[in-house]
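# Descriptive structure summary
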Amino acid sequence: MTIQVVFQIAAVGILVAVLNQVLKAAGREEQAVLTTLAGLIVVLFWVIQHVSDLFLTVQELFNL
C-alpha cells in the first residue's frame, strides 16, 4: 500500500464532505446522506482490496 492510496482516500473524504455541506445548505438532505454513503462504499471497496492483499501476503509468509 503506497501513500497514494492514503491521499486518494483523503481526497474522497474531502470531496464527500464538501458535497455534503453544499447539499445540506440547498435543503437536499436525502441526497447528502446518499452521497456520504456512496463515498463510504467506494472507500470500503478500496480498503477491502488492500486488506485482502495483506491476508494473502501473511498466508504466503507462513506457508513456507
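Refer to the preceding data block for the structure.
We now turn to the structure provided with this report. Because the structure is predicted, anything quoted here is derived from the model rather than measured.

## Some details on the packing of helix H1 (residues 3–25) against helix H2 (residues 29–62)
Where H1 meets H2, the closest approach of the two axes is 8 Å, and the angle between their N-to-C directions is 170 degrees. On the basis of their axis angle, the class for H1 and H2 is roughly antiparallel. Taking contact as the criterion, the partners of Val-5, Gln-8, Ile-9, Val-12, Val-16, Leu-19, Asn-20, Leu-23 and Lys-24 in H1 are, on H2, Glu-29, Gln-31, Ala-32, Thr-35, Thr-36, Gly-39, Val-43, Trp-46, Val-47 and His-50. Tallied by class, residues from the contact of H1 with H2 come to 10 nonpolar, 7 polar and 2 charged.

## Re the environment of Val-6
For Val-6, the location among the structural elements is in helix H1. Sequence separation of Val-6 and Phe-62 is 56 residues, and the distance between their C-alpha atoms is 28 Å.

## Examining H1
Taking 1.5 Å per residue as the helical rise, H1 with its 23 residues ought to reach 33 Å, and the 33 Å between its terminal C-alpha atoms agrees with that figure. The secondary structure elements touched by the buried residues of H1 are H2. The first or second residue beyond H1 is Gly-27, which carries a positive phi of 85 degrees.

## Examining a nonpolar patch on the surface
There is a patch of nonpolar side chains on the surface, built from Leu-34, Leu-37, Leu-40, Ile-41, Leu-44, Phe-45 and Ile-48 and spanning about 680 Å² of accessible area. With respect to the element layout, Leu-34 can be found in helix H2. On the accessibility criterion, Leu-34 (55% relative accessible area) is exposed.

## Section: H2
Here H2 spans 49 Å end to end across 34 residues, near enough to the 50 Å set by a 1.5 Å rise per residue. For H2, the set of buried residues is Ala-32, Thr-35, Gly-39 and Val-43. The elements touched by buried residues of H2 are H1.

## Re the environment of Leu-23
Inspection of the secondary structure puts Leu-23 in helix H1. Sequence separation between Leu-23 and Ser-52 is 29 residues; the distance between their C-alpha atoms is 34 Å. Setting aside residues no more than four positions away along its own chain, Leu-23 makes contact with Arg-28, Glu-29, Gln-31, Ala-32 and Thr-35.

Rules behind the numbers
Residues numbered from 1 in each chain as written. Predicted model: local features only at pLDDT ≥ 70, side-chain atom pairs only at ≥ 80, totals over all residues. Heavy atoms only, no water. Axes fitted to C-alpha atoms, helices over the stretch in contact; angles between N-to-C directions. Helix = DSSP H or I, 4+ residues; strand = E, 2+ residues; numbered from the N terminus. Parallel < 35°, antiparallel > 145°, perpendicular 65-115°, else oblique. Contact = heavy atoms within 4.5 Å. Nonpolar A, V, L, I, M, F, W, Y, C, P; charged D, E, K, R; others polar. Expected span 1.5 Å × (residues − 1). Patch = residues over 30% accessible without salt bridge, like charges linked within 9 Å, V, L, I, M, F, W, Y side chains within 5 Å. Areas by Shrake-Rupley, 256 points an atom, 1.4 Å probe, with all protein chains shown as cover. Salt bridge = Lys/Arg side-chain N within 4 Å of Asp/Glu carboxyl O. Buried < 20%, exposed > 50% of the residue type's maximum accessible area, 1.4 Å probe, protein only.

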